[in-house]
Amino acid sequence: MTDRSAILYRMVLPDHICPFGVRAKQLLQAEGWQVDDRILRTREEVDAFKAEHGVATTPQIFVGDQRVGGSDDLERWLADRAG
């Protein structure tokens, strides 16, 4: 895959910035990926996103039409790609 862009959905609430979302963004950027950073700004947005995608947690990372998963999944996915 030559297109190195990913979509990151992460929670940034007025009283809480998800550290796993920050970590996922840093991991992607460190590997040279362009990040479409989609911020979920309210608890309602977070809950609606999780319901729509059938996931229990954020962040969630997508590459193309593939859901990679959360930050731990992303770390494994990047390591697998590195060889």
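As a reminder, the structure under discussion sits directly above these lines.
Residues numbered from 1 in each chain as written. Predicted model: local features only at pLDDT ≥ 70, side-chain atom pairs only at ≥ 80, totals over all residues. Heavy atoms only, no water.

Student: Teacher, can you tell me more about the overall build of the protein chain here?
Tutor: Secondary structure assignment for the protein chain yields three helices and five strands. In the protein chain, the order of α-helices and β-strands from amino to carboxyl end is β-β-α-β-α-β-β-α. A compact globule built from 83 residues would reach a C-alpha radius of gyration of about 12 Å, and the protein chain, at 12 Å, matches this within 12%. Counting only C-alpha atoms and orienting by the principal axes, one finds that the protein chain spans roughly 40 × 25 × 20 Å. A buried classification covers 35% of the 83 residues belonging to the protein chain. At a minimum sequence separation of 6, the contacts of the protein chain that also span at least 24 residues come to 63%. Entry remark: accessible area of the protein chain is about 5100 Å², with carbon and sulfur atoms responsible for 47%. The average position of the 11 basic charges and that of the 14 acidic charges among the side chains of the protein chain differ by 2 Å. (Helix = DSSP H or I, 4+ residues; strand = E, 2+ residues; numbered from the N terminus. Rg over C-alpha atoms; globule rule 2.2 N^0.38 Å. Buried < 20%, exposed > 50% of the residue type's maximum accessible area, 1.4 Å probe, protein only. Contact = heavy atoms within 4.5 Å. Areas by Shrake-Rupley, 256 points an atom, 1.4 Å probe, with all protein chains shown as cover. Lys, Arg positive; Asp, Glu negative; His and termini not counted. Charge placed at Lys NZ, Arg CZ, Asp CG, Glu CD.)

Student: How do you make sense of the pairing of strand β4 (residues 60–63) when you look at a structure like this?
Tutor: Every regular strand shows the same layout, with side chains that alternate between the two sheet faces. Residues Q60 and F62 point to one face of β4 and I61 and V63 to the other, with burial holding for every one of them. Strand direction decides the pairing type here: strand β1 (residues 5–13) and β4, joined by three bridges, are antiparallel. Bridge pairing links L8 to I61 in β4. Relative to strand β5 (residues 66–69), β4 runs antiparallel, the two sharing three bridges. Across the sheet, residue F62 finds its bridge partner in β5, namely R67. Hairpin connection, β4 to β5: the antiparallel pair is bridged by two residues, and G64 has positive phi, about 60°. (Pairing = 2+ DSSP bridges.)

Treat this as a map of the structure, not an account of what it does.
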